[in-house]
Amino acid sequence: MLQRVNQPIPDPDDDRAEAARQTLAKAILRWAPDGELHRLPNLPSLAMFRSSTTAGPVCGVYEPGVALIVQGSKRVLLGSDSFVYGRDHFLIASLNLPAVAQILEASPERPYLAVMLRLDAHEIAQLMMDGQVPPPRPQSAERAMATGRVTAPLLSAFQRLVELLDEPAAIPALAPLAQREILYRLLMSEQGDRLRQIGAAGSQSHQIGRAIDWLKMHFTEPLRVETLAELVRMSPSTFHHHFRALTAMSPLQYQKWLRLTEARRLMLADRLDASTAAYRVGYESPSQFSREYSRQFGAPPMRDIAGLRGQAVPADSTV
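First, a word on scope: everything that follows refers to the structure included in this document. What you see is a predicted model, and the numbers here were worked out from it, not measured in a lab. (Residues numbered from 1 in each chain as written. Predicted model: local features only at pLDDT ≥ 70, side-chain atom pairs only at ≥ 80, totals over all residues. Heavy atoms only, no water.)

Remarks on the environment of Ala229
Then, in step 1: Relative to the helices and strands, Ala229 is located in helix 7 (residues 225-231).
Then, in step 2: With ten residues separating them in the primary sequence, Ala229 and Phe239 have C-alpha atoms 5.8 Å apart.
Then, in step 3: Excluding anything up to four places from it in sequence, Ala229 contacts Met234, Ser235, Pro236 and Phe239. (Helix = DSSP H or I, 4+ residues; strand = E, 2+ residues; numbered from the N terminus. Contact = heavy atoms within 4.5 Å.)

Right, here's the structure in full:
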């Protein structure tokens, strides 16, 4: 007697997801130069990145947004937390977060391919009001970065957005719709509560986000944590606790990272010497700058910059 073997039923979402990935991969290969972060002039919230090597690690600041890997994998370090993800997961950041990233899988035959969409707190708040999105839960002390599972609807929304690059006249009318769908999918995902927090005025994430915005604009100035806490209407102890919980560092450490990262960019892109870069970002002592730079990047300023130029490693790519 022949025994019938039950065959698994194909999941149409698998085919849909794979078709979307192929479309995204072709677009990244077409638009993004190898080893360079590419921002689309007519879609400024979208960025693409491809790399044929695993060069790194790279220090940079993750903007509030979602990063989607189409091919390859990556490790991102936020403080002592490690996030390893590939094509089945997205990385989401709800605040500007200094981090260290390294591509784990890439080759000339199968380059690392990724796309990132920057997210806006005002758009999140608007969609929360318009789209019947659940309100955020009472906030616990969670990082403002996490990974979540990629779904076929999320990939399809990214596909529709990227396909508009071949129809530039339609971008003003249709791109906001695709971006709104992406944001809705994220808000309703397992990690949506992190985004709902920054869209909720008065939430701790929203207040820390305001503090970070201030730090980014004034990082060259002396910092008094008490003054910054007062600016966002939090007590110094509460402010310090929630800032560290969300970003994995203190406000002073965050300012130091911004200063050192900007100094590195100035030396690499503008070819400033170490002392000039140090003064430009707010240091009064070049020797202190050199010590802190070495601890941050593993080598004194000029040796680090020479190594970056020799490897052609992008200094600020975090996609």
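Side note on the packing of helix 2 (residues 121-130) against helix 4 (residues 171-187)
Then, in step 1: Two elements in contact, helix 2 and helix 4, have axes whose closest approach is 11 Å; the angle formed by their N-to-C orientations is 75°. Relative to helix 4, the element helix 2 is oriented roughly perpendicular. The residues of helix 4 that touch helix 2, namely those facing Glu123, Ile124, Leu127 and Asp130, are Arg180, Leu183, Tyr184 and Leu187. (Axes fitted to C-alpha atoms, helices over the stretch in contact; angles between N-to-C directions. Parallel < 35°, antiparallel > 145°, perpendicular 65-115°, else oblique.)

Considerations on the pairing of strand 7 (residues 89-93)
Then, in step 1: Most of strand 7 sits inside the fold, with four of its five residues counted as buried.
Then, in step 2: Sheet topology note: the strand 4 (residues 65-71)/strand 7 ladder contains four bridges and is antiparallel. Residue pairing for strand 7: Gly65 is matched across the bridge by Ala93.
Then, in step 3: Where strand 7 meets strand 10 (residues 145-149), five bridges bridge the pair, whose relative direction is antiparallel. Note on strand 10: the bridge partner recorded for Phe90 is Gly148. (Buried < 20%, exposed > 50% of the residue type's maximum accessible area, 1.4 Å probe, protein only. Pairing = 2+ DSSP bridges.)

Some thoughts on the packing of aromatic side chains
Describing an aromatic ring pair means giving the distance of the ring centres and the angle of the ring planes.
Then, in step 1: Taken as a whole and judged by the stated rule, the model has six aromatic pairs.
Then, in step 2: Ring geometry for Tyr293 against Phe297: centres 4.6 Å apart, planes inclined by 55°, an arrangement best described as tilted. Taken as a pair, Tyr293 and Phe297 lie in helix 11 (residues 286-297) at a separation of four residues, close to a single helical turn. An identical accessibility class is assigned to Tyr293 and Phe297; each is buried. (Phe/Tyr/Trp six-rings, centres within 6.5 Å; stacked < 30°, edge-to-face > 60°.)

Re the nonpolar core
Then, in step 1: Tyr62, Val76, Leu91, Met145, Ile208, Phe239 and Phe289 are the most contacted members of the largest nonpolar core, which has 58 residues in total.
Then, in step 2: The biggest single contributor to this core is helix 9 (residues 251-269), with seven residues.
Then, in step 3: If we skip the residues at most four places from it in the chain, Ile208 touches Leu95, Met234, Phe239, His242, Phe243 and Leu246.
Then, in step 4: Core analysis: the next-biggest nonpolar cluster, separate from the first, contains 44 residues, Ala17, Val133, Leu154 and Ile182 among them. (Core = buried A, V, L, I, M, F, W, Y, C linked by side-chain atoms within 4.5 Å.)

As for unusual backbone geometry
Then, in step 1: Positive phi, normally seen in glycine, also occurs at Ala248, with a value near 70°.
Then, in step 2: As for its position among the elements, Ala248 is in the loop between helix 8 (236-247) and helix 9.
Then, in step 3: Even without glycine at this site, Arg271 takes up a positive phi of about 60°.
Then, in step 4: Along the chain, the position of Arg271 falls in the loop between helix 9 and helix 10 (274-280).
Then, in step 5: A residue is classified by how much of its surface remains accessible, and Arg271, at 61% relative accessible area, is exposed.

Thoughts on the sheet that holds strand 4
Then, in step 1: Across the sheet, six strands lie side by side as 1-2-9-4-7-10; this open sheet has antiparallel pairing. Each having just a single partner strand, strand 1 (38-40) and strand 10 make up the two edges of the open sheet. The mean angle between the axes of side-by-side strands here comes to 25°, regardless of whether they run parallel or antiparallel.
Then, in step 2: Most of the contacts of helix 4 go to strand 2 (residues 43-51), to which it runs at about 70°, and overall it touches strand 2, strand 4, strand 7 and strand 9 (112-118).

Observations regarding helix 2
Then, in step 1: For helix 2, the complete set of buried residues consists of Ile124, Leu127 and Met128. Here the buried residues of helix 2 occupy an arc of 105° about the axis, which is enough to place them on one side. Opposite the buried face of helix 2, at more than 90 degrees from it, the exposed residues are His122 and Met129.
Then, in step 2: The N-terminus of helix 2 is capped by Asp120, whose side-chain oxygen sits 2.8 Å from the backbone nitrogen of His122.
Then, in step 3: Once helix 2 ends, the next one or two residues include Gln132, with phi positive near 55°. (Arc of directions from axis to C-beta. Polar contact = N/O pair within 3.5 Å; in protein donor to acceptor, adjacent residues only side chain to side chain.)

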